[in-house]
Amino acid sequence: MADQDTKTPRERYRAQVRAEIKERAWEQIATAGASALSLNAIAKQMGMSGPALYRYFDGRDALITELVRDAYRGLADTFRAAAGAGPDVRALSHALREWALQDPQRYFLVYGTPVPGYHAPDDITAIASEIMSTLLDACAALPSDGPAVPFQAHLEEHRVWADGHPATPADLHRALAFWTRLHGVLSLELAGHFVGMGFDPARFFAAEVDALVGGPQAG
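Analysis parameters
Residues numbered from 1 in each chain as written. Predicted model: local features only at pLDDT ≥ 70, side-chain atom pairs only at ≥ 80, totals over all residues. Heavy atoms only, no water. Core = buried A, V, L, I, M, F, W, Y, C linked by side-chain atoms within 4.5 Å. Buried < 20%, exposed > 50% of the residue type's maximum accessible area, 1.4 Å probe, protein only. Helix = DSSP H or I, 4+ residues; strand = E, 2+ residues; numbered from the N terminus. Contact = heavy atoms within 4.5 Å. Patch = residues over 30% accessible without salt bridge, like charges linked within 9 Å, V, L, I, M, F, W, Y side chains within 5 Å. Areas by Shrake-Rupley, 256 points an atom, 1.4 Å probe, with all protein chains shown as cover. Salt bridge = Lys/Arg side-chain N within 4 Å of Asp/Glu carboxyl O. Axes fitted to C-alpha atoms, helices over the stretch in contact; angles between N-to-C directions. Parallel < 35°, antiparallel > 145°, perpendicular 65-115°, else oblique. Nonpolar A, V, L, I, M, F, W, Y, C, P; charged D, E, K, R; others polar. Expected span 1.5 Å × (residues − 1). Left-handed = near helix turned anticlockwise from the far one by under 90°. UniProt positions renumbered as here; feature names shortened; annotations may be inferred. Polar contact = N/O pair within 3.5 Å; in protein donor to acceptor, adjacent residues only side chain to side chain.

Draft legend 1. Expanded view of the nonpolar core. Grouped together as the largest cluster of nonpolar side chains are 56 residues, with contacts concentrated most on I21, I42, L63, L135, F178 and W179. Those elements that place two or more of their residues in this core are α2 (9-32), α3 (39-45), α5 (60-82), α6 (89-102), α7 (104-111), α8 (122-140), α10 (169-190) and α11 (201-213). By residue number, the principal contributor to this core is α5, which donates nine residues. Among all residues touching L63, those that are not within four sequence positions of it are I21, K22, A25, L37, L39, I42 and F57.

This is the structure we're talking about:
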């Protein structure tokens with residue numbers, strides 16, 4: 001609120017228009033997908049000319065970048081809050097599912113099929129690395145178990161995706177297993193592929209978390 005109070009009326013109006021443009025963009029994405037996003041269609045909905053809307057966003061990619069940045073920032077903040085009491089893979093896993101269920105279109109924009117011709121800027125990659133770093137911290141806090149496998153030696157030499165995190169190869173492997181298996185379950189659930197199968201997706205997700213951690217939660 002204090003930040004709003006320091007803005008001029010012109011700045012507040014610009015922020016409101018940008019927020020409405022993003023809201024309209026999400027509506028389009030929900031209807032036809034991000035690849036069909038049209039600034040001219042948004043301008044028409046808002047009673048603006050196309051050139052007038054371009055005063056708020058330089059183009060389609062600039063608008064997508066803003067949406068992607070908001071989505072990643074939201075998940076990074078969610079992870080940070082979930083890890084507030086200490087690194088906890090279970091807490092992060094269930095925070096990820098809740099975040100995804102709150103807005104499936106937001107989830108699919110960042111973890112679904114890439115938008116053709118779109119390339120995210122470096123600052124978004126940095127936010128994604130922040131999310132992964134939180135997960136690596138949680139995986140490193142788990143008890144070590146099981147023998148080393150050949151893939152871990154491969155990860156020791158191919159860890160650029162960990163962005164300098166000091167995790168061991170075993171922790172890197174565990175983090176990748178969490179990330180891929182949980183996103184696989186979430187993607188299928190959110191796309192409706194479990195509908196009609198007769199089981200509770202929440203319980204399936206929890207069982208996958210248990211399997212990855214090494215057993216059900218005590219108590």
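Having put the structure on the table, let's press on.
Draft legend 2. Inspection of a nonpolar patch on the surface at higher detail. On the surface, a cluster of nonpolar side chains totalling about 260 Å² of accessible area is made up of M197, F199 and F204. With respect to the helices and strands, the residue M197 is situated in the loop between α10 and α11.

Draft legend 3. A look at the packing of α10 against α11. At a closest axis distance of 11 Å, the pairing of α10 and α11 adopts a crossing angle of 170°. When the axis of α10 is compared with that of α11, the two are roughly antiparallel. Side by side, α10 and α11 meet where R174, A177, F178, R181, L182, V185, L186 and E189 of the first sit next to P201, F204, F205, E208, V209, A211, L212 and V213 of the second. Per-class residue counts for the contact of α10 with α11 are twelve nonpolar, no polar and four charged.

Draft legend 4. Structural detail: α10. Taking 1.5 Å as the rise per residue, α10 with 22 residues should run 32 Å; its terminal C-alpha atoms sit 31 Å apart, in good agreement. Of the residues one or two after α10, G192 is the one with positive phi, at around 85°.

Draft legend 5. Spatial organisation of the environment of L101. Here L101 shows up in helix α6. L101 sits 39 residues away from A62 along the chain, and the two C-alpha atoms are 26 Å apart. If near-sequence neighbours (up to four positions away) are discounted, L101 is found in contact with E189 and L190.

Draft legend 6. Region of the structure containing the packing of α5 against α8. Relative orientation of the contacting elements α5 and α8 amounts to 20°, with a least axis distance of 9 Å. For the element pair α5 / α8, the angle class is roughly parallel. As α5 packs across α8, the resulting crossing turns out to be left-handed. Packed against α5, whose contacting residues are T65, V68, R69, Y72, R73, L75, A76, F79 and R80, the element α8 presents D123, I124, I127, A128, E130, I131 and T134 at the interface.

Draft legend 7. Structural detail: the UniProt feature "DNA-binding region" (unreviewed entry) in the protein. Sites flagged by UniProt as "DNA-binding region" (unreviewed entry) map to residues 38-57. For residues 38-57, helix accounts for 55% and strand for 0%, while the C-alpha atoms at its two ends are 12 Å apart.

Draft legend 8. Representation of the environment of R80 in the model. Here R80 shows up in helix α5. Spatially, the C-alpha atoms of R80 and E156 are 26 Å apart, while their sequence positions differ by 76 residues. Among residues more than four places away in sequence, those in contact with R80 are R73 and E130. For R80, the side chain forms a polar contact with the side chain of E130, separated by 3.2 Å.

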